[in-house]
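Structure assessment
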Protein chains: 2
Amino acid sequence: MITISDIATKANVSAGTVDRVLHNRGGVSEKTAERVRKIVKEHDFKINAVASSLANKKSRTIAVLIPDYSETNTFWKDTRLGVEKALEEFLKFGVKLEVFIFQQFDASSYEAEFQKLIESNPDGAIIAPTFRNETAKHIPKIEANKIPYIFINIDLDGFKNISFLGQQSYKSGYLAGKLMHVSLSKPAVIAVIQTKLNVENNQALSRRIQGFSEYFIKKDHPLELIMVNIDDVLDAEMVKNTLNLELSKINGLSGLFVPSSRASVFVNALNSDLLSKLEVVGFDGTEQNLNSLKEDRISFLISQQSFNQGYNAIKLMVDFLIEKKLPTSKMYSPIEILTKENI
Amino acid sequence: MITISDIATKANVSAGTVDRVLHNRGGVSEKTAERVRKIVKEHDFKINAVASSLANKKSRTIAVLIPDYSETNTFWKDTRLGVEKALEEFLKFGVKLEVFIFQQFDASSYEAEFQKLIESNPDGAIIAPTFRNETAKHIPKIEANKIPYIFINIDLDGFKNISFLGQQSYKSGYLAGKLMHVSLSKPAVIAVIQTKLNVENNQALSRRIQGFSEYFIKKDHPLELIMVNIDDVLDAEMVKNTLNLELSKINGLSGLFVPSSRASVFVNALNSDLLSKLEVVGFDGTEQNLNSLKEDRISFLISQQSFNQGYNAIKLMVDFLIEKKLPTSKMYSPIEILTKENI
DNA sequence: TGTAGTTTCGTGTGCGCACACGCAAATATA
DNA sequence: TATATTTGCGTGTGCGCACACGAAACTACA
């Protein structure tokens, strides 16, 4: 394995000079710099990350801005676990983490935590850009500090994020359509359940619905989609009443499509005689959803491997900060199908 | 972060002594050794892997014994890629790889490569124990040398492998049953295609078939399984003739279940008027299978993330060799469902 | 020509650990 | 008691790199 001082010898300079060239630290005449670069390239020299991180006392801090999870909404739990797993692995390399948690449906909490993130002045940031306008408002500040940032889970256009990790919403909806389709021998009369908060915030959900219905169009299978709106998922009584009332009104209802991660909330609220006739397709392997899946209240879940998203986001950022590897601009997570049988 | 010399100071000894204790190198009185151990435990001191691997010139060699892949059978390609990816990552830590490749259906080639592996005297081994008897014959030799080994893909009982990475065959067959079930509105008349070589060698396949049929039993769905044997998958003409002949004889045939990774071979050989009426469920996302999936000749594939199996096997072994982490004895890969829509 | 300022570079030290070397104290042997 | 042997331990060096310090070499200007 070739070392810096090997390069130095070959270039007739000292190790210090090679070091300056490698780190663009300046103070090297263009002539010798070029000579060194040539030899580095010739031998495909790569800095030994082990030795480098040992010598490098300076630690890099990566800030993470994601929503909180609660007992009833554990969607972001896996992401957190993935992030923490990555931390454990990269601690040796002097990577530190600063996690900022906001309330998923509260824009002001998002802004407040975003502000804290900026003030912590990290070396890199991982952000779940849940609110478009608020994101647009704060991003310039971290760009001004030349802090690289990665978007996770939600893909916003028009930003200079070095990468995005998440799912292709349309495609995952399309797959949901297929799963619903194969499960139904009868005509498809499907209720789509949405909540107010989701409708407002999350364009990913509408893309999923779009993908879902276009699958049926493509397959020439008759489809009747009925939108059912739930105002407040936290109000259990209300959910129960509205849902049972609305769904029982629908003639020949054959399936339930829940484009958010809240499928379990709805199937749990549903009267069992109603539910038993339905195929249910939902998203994300939260604990609650997995339980409903195990107990046959949900037929299929489509999951996006949040754990890996969290893990890989950190990994990409570390590679970028330490080895200057530019990540792919979009990293789409595999669209995973979960059934009772394979969890 | 606490260092060896910190420990040394606290224990009133020198760094060298602490080093001896940590590595059980001997030459330390039991009294001081105990004192050091206590302080190490108190502070939960862990050797800094970065500094350690920098100082440690000695490299560890991991031997890998897996089948070859060919153009028509790329099953083991992903495993190889995963292994190589891991190598790249651990090269910095002085990990070396020695890959031994045998012919998948040739026990003597397995034995020959196994012998070479033993002679190379590696620090650890990753083995796909394709042949039970031959494995039993050679394993004692690597156990005699105290070389830890991991089984991959095929789970044999009665060995002292420190871990197994692979799929739960029964469960994956069971899931295949479900996928076939939901795809069928009619009674299930399923042809199961096997090849002679597979029948002889691979108990995993029969477990898959077992899981498959038990799904239908559990669901009380009438099932008629018809076994179709193909002598030689490599003889394209023969495959074509036998298959079309046998399948056209079956009344009301509704599906094809291929418990091996060769689904693509069979669907490609099948007359399109026969195939168009069938749901096909197979295993493993080989290139050929994925192509057939894309072109709607296969309905579902069940995959076992071979890439990760290869990658993780190396990772586990590295952790074991360097950080002495004992791995879980069984690491079951997620049972992944592949469709045209999510590959 | 002399002095100050600038550019360009070499040297030295330390990151935390592994391991060889060798010294001192304890023990055995004569 | 003198000498050999063993046991227990401290010290020093190097792994490959980052970075501070300061020394030449060169430039500018009076």
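Residues numbered from 1 in each chain as written. Chains lettered and ligands numbered in written order. Predicted model: local features only at pLDDT ≥ 70, side-chain atom pairs only at ≥ 80, totals over all residues. Heavy atoms only, no water.

Glancing now at the protein's contact with DNA strand D. By nearness alone, 27 residues border DNA strand D, and I4(A), R25(A), S14(B), T17(B) and R20(B) come closest of all. Counting only the atoms of DNA strand D within 4 Å of the protein, the fraction contributed by sugar and phosphate is 66%. A distance of 2.6 Å separates a phosphate oxygen of DNA strand D from a polar side-chain atom of T17(B). Within the residue set of the surface near DNA strand D, elements represented by two or more residues are helix 2 (15-22) and helix 4 (49-55) of chain A together with helix 2 (15-22) and helix 4 (49-55) of chain B. Looking at the surface near DNA strand D residue by residue, the classes come out as nine nonpolar, 12 polar and six charged. (Near = heavy atom within 4 Å. Polar contact = N/O pair within 3.5 Å; in protein donor to acceptor, adjacent residues only side chain to side chain. Helix = DSSP H or I, 4+ residues; strand = E, 2+ residues; numbered from the N terminus. Nonpolar A, V, L, I, M, F, W, Y, C, P; charged D, E, K, R; others polar.)

Now for the nonpolar core. Across soluble globular proteins, you tend to see nonpolar side chains buried next to one another. Membership of the largest hydrophobic core comes to 49 residues, with the highest contact counts inside it found for I62(A), I126(A), I314(A), I62(B), I126(B) and I314(B). What I62(A) contacts, discounting residues up to four positions off in sequence, is V95(A), K96(A), L97(A), E98(A), G124(A), I126(A), I314(A), M317(A), V318(A) and L321(A). Residues M180(A), Y215(A), F300(A) and F212(B) belong to the second largest nonpolar core, which totals 40 residues. (Core = buried A, V, L, I, M, F, W, Y, C linked by side-chain atoms within 4.5 Å. Buried < 20%, exposed > 50% of the residue type's maximum accessible area, 1.4 Å probe, protein only. Contact = heavy atoms within 4.5 Å.)

Below, the discussion takes up the interface of chain B and chain A. Contacts between the two partners involve 29 residues from chain B and, on the opposite side, 30 residues from chain A. Summed over both partners, the interface of chain B with chain A comes to about 2,600 Å²; 60% of that surface belongs to carbon and sulfur atoms. The three residues of chain B that bury the most area against chain A are V50(B), K92(B) and E341(B), which together make up 24% of that side's buried surface. One can count four salt bridges joining chain B with chain A. Ionic pairing is found between K315(B) and E89(A), a salt bridge with its closest N-O pair at 3.4 Å. Residue assignment for the side of chain B that touches chain A shows that the elements contributing at least two residues are helix 4, helix 8 (169-183), helix 10 (203-219) and helix 15 (306-323) of chain B. (Buried area = accessible area lost by both parts, 1.4 Å probe. Salt bridge = Lys/Arg side-chain N within 4 Å of Asp/Glu carboxyl O.)

As a further point, take the packing of aromatic side chains. Per the stated rule, a full pass over the model turns up 26 aromatic pairs over all chains. Measuring from ring centre to ring centre gives 5.6 Å for F151(A) and F159(A), while their planes differ by 75°; the resulting arrangement is edge-to-face. Across the pair, exposure class does not vary: F151(A) and F159(A) are buried alike. Pairing F257(A) with F283(A) gives two aromatic rings, centres 6.0 Å apart and planes at 70°, and the pair type is edge-to-face. Of this pair, F257(A) sits in strand 8 (residues 255-257) while F283(A) sits in strand 9 (residues 279-283); the two residues are 26 residues apart in sequence, bridging distant segments of the chain. Here the aromatic cluster, defined as three or more aromatic residues joined through ring pairs, consists of Y170(A), Y174(A), F212(A), Y215(A), F216(A), F257(A) and F283(A). Across the ring face of F300(A), the terminal group of K178(B) is positioned such that the distance to the ring centre comes to 5.3 Å. (Phe/Tyr/Trp six-rings, centres within 6.5 Å; stacked < 30°, edge-to-face > 60°. Lys NZ or Arg CZ within 6 Å of the ring centre and 35° of its normal.)

Attention now goes to the layout of surface pockets. Considering only enclosed or pocket space, the second largest pocket measures out at about 1,000 Å³ in volume. Taken together, 42 residues make up the lining of the second largest pocket; nearest its centre are V182(A), S183(A), L184(A), V182(B) and S183(B). Looking at the lining of the second largest pocket, the elements with two or more residues in it are helix 8 (169-183) and helix 10 (203-219) of chain A together with helix 8, helix 10 and strand 9 (279-283) of chain B. Classifying every residue of the lining of the second largest pocket by side-chain character gives 15 nonpolar, 12 polar and 15 charged. (1 Å grid on protein atoms, 1.4 Å probe; cavity = no way out; pocket = protein on both sides within 12 Å on 5 of 7 lines; lining within 4 Å. Points joined across faces, edges and corners; volume = space filled by probe spheres on them.)

What follows deals with the protein's contact with DNA strand C. Close to DNA strand C lie 27 residues, the nearest being S14(A), T17(A), R20(A), I4(B) and R25(B). Across the atoms of DNA strand C situated within 4 Å of the protein, the share located in sugar and phosphate is 67%. L54(A) places a main-chain nitrogen or oxygen 3.5 Å from a base oxygen of DNA strand C. Here a phosphate oxygen of DNA strand C sits 3.0 Å away from a polar atom, N or O, in the side chain of H23(B). Looking at the surface near DNA strand C, the elements that each hand over two or more residues are helix 2 and helix 4 of chain A together with helix 2 and helix 4 of chain B. A per-class count over the surface near DNA strand C returns nine nonpolar, 12 polar and six charged.

Residues and elements named next belong to chain A. Taken together, D231, D232, D235 and E237 make up a surface patch of like negative charges. Mapping E237 onto the fold places it in helix 11 (residues 236-248). Overall, the relative accessible area of 51% leaves E237 in the exposed class. (Patch = residues over 30% accessible without salt bridge, like charges linked within 9 Å, V, L, I, M, F, W, Y side chains within 5 Å. Areas by Shrake-Rupley, 256 points an atom, 1.4 Å probe, with all protein chains shown as cover. Lys, Arg positive; Asp, Glu negative; His and termini not counted. Charge placed at Lys NZ, Arg CZ, Asp CG, Glu CD.)

Now for the relation of the copies chain B and chain A. Rotating chain B by 179° and moving it 0.1 Å along the rotation axis overlays it on chain A with an RMSD of 0.2 Å. Put plainly, the chains are arranged around a two-fold axis. Most of the interface of chain B is mirrored in chain A, where 97% of its interface residues again form contacts. (Least-squares fit on C-alpha atoms with pLDDT ≥ 70 in both.)

Looking now at the pattern of salt bridges. It is possible for side chains of opposite charge to pair when their charged atoms get near one another. In total, this model carries 30 salt bridges over all chains according to the counting rule given. When the shortest N-O distance is used, the salt bridge between E113(B) and K116(B) registers 3.1 Å. With a gap of three residues between them, E113(B) and K116(B) both fall in helix 6 (residues 107-120), about one helical turn apart. Look at E113(B) and you get buried, because its relative accessible area is 13%. E246(B) serves as the salt-bridge partner of K249(B), at 3.6 Å between the closest nitrogen and oxygen. For E246(B), a relative accessible area of 29% puts it in the partly exposed group. One connected set of salt bridges, linked through shared partners, spans E30(A), E34(A) and R37(A).

The next thing to look at is the environment of F93(A). Here F93(A) shows up in the loop between helix 5 (77-90) and strand 2 (95-102). A sequence separation of 64 residues divides F93(A) from D157(A), and the C-alpha atoms of the two residues are 32 Å apart. In this structure F93(A) touches A49(A), S53(A), I322(A), V50(B) and F93(B), once residues within four positions along its chain are discounted.

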